[in-house]
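# Observations on the three-dimensional arrangement
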Amino acid sequence: MKWKRVILIVFMSVGLTGLNYLTYYGMGYEHAFYRILLYIPLVLGGFWFGIRGAVAIAIGIILFFCPYVMAHWQGFSLENFHEILEGCLYLAIALVIGVLVEKERKRHRALVESKSLAAVGGAVSEVAHDMKAPLMAIGGFAIQVDRGLDEDDPKRRKLQVIIQETGRLENMVKEMLDFGKPTELQLKRTNLNDLVREVAEATRPLAEKARVILDMDLDPLLRPLMLDEPKMKQALFNLVVNAVEASPAGEHVLVKTAFNQHMVNLYVTDRGAGIEPEDIKKIFEPFFSKKSKGTGLGLPIVKKIVEAHKGEVSHHPNQEDGVTFTVSLPIS
């Protein structure tokens with residue numbers, strides 16, 4: 001289908017431009033009509049292929065039309081001026097069409113993604129809600145039985161496994177419920193550095209157990225932001241935990257803050273194996289995970305919270321090992 005569109009646009013552009021060469025120069029109305037028709041492939045190219053398609057078609061037609069203009073050059077006459085001006089206008093219209101189409105496509109993708117995530121979130125929330133009560137009952141009864149056993153009872157080790165795995169499942173259910181909830185923010189003026197320190201304190205036992213060193217580089221001049229503290233803390237917690245779990249023993253995880261004129265940026269850098277090229281577009285999708293015990297909801301929750309704050313989350317590979325996740329939040 002794509003190649004058919006390309007062939008149609010090329011055929012129209014070459015055909016309409018060629019008519020100018022085949023028509024007597026003095027037939028001004030005919031030439032004006034042909035040039036107006038050249039807007040058809042330009043518009044089609046913009047709608048079908050975005051800004052690149054529109055600009056490529058505009059440049060191609062202008063270059064193909066240049067020999068005709070040079071062959072009838074009259075020392076920069078009024079007619080020559082009109083032709084040059086029309087070429088500039090043609091390129092400007094291509095840019096405008098391309099930009100508008102790209103913006104509409106981006107808006108459409110965001111709308112489709114929003115509806116899809118809302119549907120997934122609703123289904124996940126229902127499942128997680130049904131799982132929550134039985135898991136709490138299993139965990140509670142297991143803890144009661146464990147307390148009644150002697151220290152050297154061989155059954156106690158099996159109960160400890162049940163309690164541990166039940167706790168892990170309860171955490172997974174909590175993530176699923178958090179993902180399914182609508183993100184309603186309770187904003188107040190907050191220092192992001194304070195949230196980072198709290199998250200670092202909460203994740204330090206995990207880092208020590210994994211023998212990963214947690215470093216912080218916090219900008220003392222950071223401006224306060226309007227944030228929902230619990231939700232933003234959860235997003236930061238997910239990022240730091242992912243970084244710690246991805247990094248080998250003995251490596252460092254760096255949490256850094258900085259700000260420019262309009263944005264406050266938070267960077268979480270790990271020293272893990274990085275992200276496989278085929279997985280780059282999937283890491284923010286719900287339930288995508290390479291971990292054996294992960295739900296695949298950690299990063300989607302981060303994305304959901306950050307975007308609710310009108311911010312952006314992105315990632316890029318480090319020069320050496322690992323990945324850096326960047327959270328950008330608007331100051332105003």
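On a predicted model such as this, the values are computed, not experimentally measured, just so you know.

### Thoughts on the packing of helix H7 (residues 229–246) against helix H8 (residues 298–308)
Contact geometry of H7 with H8 gives a least axis separation of 9 Å together with a crossing angle of 145°. The crossing of H7 and H8 is left-handed. Contact residues: H7 offers Lys-231, Met-232, Gln-234, Ala-235, Asn-238, Leu-239 and Asn-242, while H8 offers Gly-298, Leu-299, Ile-301, Val-302 and Ile-305. Residue classes in the contact of H7 with H8 are distributed as seven nonpolar, four polar and one charged.

### Concerning helix H2 (residues 28–37)
Of all the residues in H2, the buried ones are His-31, Tyr-34 and Arg-35. Burial along H2 is one-sided: seen end-on, the buried residues are contained in an arc of 95°. More than 90 degrees from the buried face of H2, the exposed residues found are Tyr-29 and Ile-36.

### Here we look at the sheet that holds strand S6 (residues 312–317)
A sheet is described by the order of its strands in space; here five strands give the open sequence S2-S4-S5-S7-S6, paired in mixed fashion. In this open sheet, the two edge strands, each paired with only one partner strand, are strand S2 (213–217) and S6. Geometrically, the sheet is characterised by an average inter-axis angle of 15° between neighbouring strands, direction not taken into account. Two strands pair when backbone bridges link them, and strand S4 (residues 252–259) and strand S5 (residues 263–269) are joined in this way by six bridges, in the antiparallel orientation. The residue of S5 that forms the bridge with Phe-259 is Val-264.

### Quick word on the pairing of S6
Examined bridge by bridge, S6 and strand S7 (residues 323–330) share six bridges and lie antiparallel to one another. When the sheet's bridge partners are listed, Ser-314 is paired in S7 with Thr-326.

### So, a nonpolar patch on the surface
Side chains of Val-10, Val-14, Leu-19, Tyr-21, Leu-22 and Phe-64 sit close together on the surface and give an oily, nonpolar patch of about 550 Å² of accessible area. A per-element tally of the nonpolar patch places helix H1 (residues 2–22) first, with five residues. Structurally, Tyr-21 can be placed in helix H1.

### Details of unusual backbone geometry
Notably, Arg-211 is not glycine yet its phi reads approximately 60°, a positive angle. If you trace the backbone, Arg-211 turns up in the loop between helix H6 (192–209) and S2. The phi angle at Lys-310 is positive, at roughly 65°, despite the residue not being glycine. Within the fold, Lys-310 resides in the loop between H8 and S6. In this structure Lys-310 comes out as exposed when scored by relative accessible area, which is 68%.

### Regarding the side chain of Thr-190
Within the secondary structure, Thr-190 sits in strand S1 (residues 188–190). Of the polar contacts made by the side chain of Thr-190, one reaches the side chain of Glu-229; its length is 3.5 Å. If near-sequence neighbours (up to four positions away) are discounted, Thr-190 is found in contact with Leu-195, Pro-224, Leu-225, Leu-227 and Glu-229.

### Concerning the pairing of S5
In terms of burial, S5 is largely enclosed, as five of its seven residues are buried. A loop of three residues connects S4 with S5, the two strands running antiparallel in sequence. Bridge analysis of S5 against S7 gives seven bridges, and the strand direction is antiparallel. Paired with Met-263 across the two strands is Pro-330, which belongs to S7.

### What to know about the nonpolar core
Formed by 38 residues in total, the largest nonpolar core has its most connected members in Leu-192, Met-232, Leu-236 and Leu-266. Mapped by element, the contributors of at least two residues to this core are H6, strand S3 (225–227), H7, S4, S5, H8 and S7. The element contributing the most residues to this core is H7, with seven residues. Apart from residues lying up to four places away in sequence, Leu-266 is in contact with Leu-192, Val-196, Leu-236, Val-255, Lys-256, Thr-257, Phe-325, Thr-326 and Val-327. Grouped together as the second largest cluster of nonpolar side chains are ten residues, Leu-16, Leu-38, Ala-54 and Ile-57 included.

Cut-offs used in this document
- Residues numbered from 1 in each chain as written.
- Predicted model: local features only at pLDDT ≥ 70, side-chain atom pairs only at ≥ 80, totals over all residues.
- Heavy atoms only, no water.
- Axes fitted to C-alpha atoms, helices over the stretch in contact; angles between N-to-C directions.
- Helix = DSSP H or I, 4+ residues; strand = E, 2+ residues; numbered from the N terminus.
- Left-handed = near helix turned anticlockwise from the far one by under 90°.
- Contact = heavy atoms within 4.5 Å.
- Nonpolar A, V, L, I, M, F, W, Y, C, P; charged D, E, K, R; others polar.
- Buried < 20%, exposed > 50% of the residue type's maximum accessible area, 1.4 Å probe, protein only.
- Arc of directions from axis to C-beta.
- Pairing = 2+ DSSP bridges.
- Patch = residues over 30% accessible without salt bridge, like charges linked within 9 Å, V, L, I, M, F, W, Y side chains within 5 Å.
- Areas by Shrake-Rupley, 256 points an atom, 1.4 Å probe, with all protein chains shown as cover.
- Salt bridge = Lys/Arg side-chain N within 4 Å of Asp/Glu carboxyl O.
- Polar contact = N/O pair within 3.5 Å; in protein donor to acceptor, adjacent residues only side chain to side chain.
- Core = buried A, V, L, I, M, F, W, Y, C linked by side-chain atoms within 4.5 Å.

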